[in-house]
Amino acid sequence: MKTPIWKANRLILLHTGASNGFVPGAMLLFASKKTGDYHKEMTADRFLNWFETALLPNLTNKSVIVIDNAPNHCMQSNNAPTTASRKNDISEWL
């Protein structure tokens, strides 16, 4: 190979499987524009959009969803205050 594989363009694939095969309509496939770390492209926002628009509408009743704790599979929308936060900000958060 002339180009090391880690420097070539990547395809990012996200899909869901079930006992009877892949869930129809639940595939996300796109070409990575980066050659290094793909995590900047497979973001929590992109995952959430796929989850809400492609996965959930295509699941059958009584489905079980198992998701690991990858950084792009979770996000915190209401961050807890820190010790550097002002009292008013802490009160509003509570």
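These numbers come from a predicted model, not from an experiment.

Student: Before we move on, can you summarise the environment of Leu13 with the specific residues and values?
Tutor: Positionally, Leu13 belongs in strand β1 (residues 11–14). Among the residues examined, Leu13 registers a relative accessible area of 55% and is labelled exposed. Expressed as a C-alpha distance, the spacing of Leu13 and Ala31, which sit 18 residues apart in the sequence, is 8.9 Å. Excluding its chain neighbours within four sequence positions, the residues that come into contact with Leu13 are Met27, Leu28 and Leu29.

Student: Go over the nonpolar core with me, naming the residues and quoting the values.
Tutor: Membership of the largest hydrophobic core is limited to 12 residues, which are Ile12, Leu14, Val23, Ala26, Leu28, Phe30, Met42, Phe47, Trp50, Phe51, Ala54 and Leu55. Looking at this core, the element that brings in the most residues is helix α1 (residues 44–55), giving five residues. Those residues within four positions of Phe47 in sequence are excluded, and the remaining contacts are Leu14, Met42, Ile67, Asn72 and His73.

Basis of the calculations
What you see as residue numbers is a count from 1 along each chain, following the sequence as written. Residue-level local features of this predicted model are given only where pLDDT is at least 70; pairs of side-chain atoms are given and counted only at 80 or more, and the full residue set underlies all totals for whole chains, interfaces and linings. The side-chain figures draw on all heavy atoms in the structure; neither hydrogens nor water molecules are used. Numbering of helices and strands starts at the N terminus; helices are DSSP runs of H or I of at least 4 residues and strands are runs of E of at least 2. Accessibility here uses a 1.4 Å probe with only protein chains present; expressed as a share of the type maximum, an area under 20% marks a residue as buried, one over 50% as exposed, and anything in between as partly exposed. Contacts between residues were defined by any pair of non-hydrogen atoms, one from each residue, lying within 4.5 Å. Among the buried residues, those of types Ala, Val, Leu, Ile, Met, Phe, Trp, Tyr and Cys that are joined through side-chain atoms within 4.5 Å form a nonpolar core.

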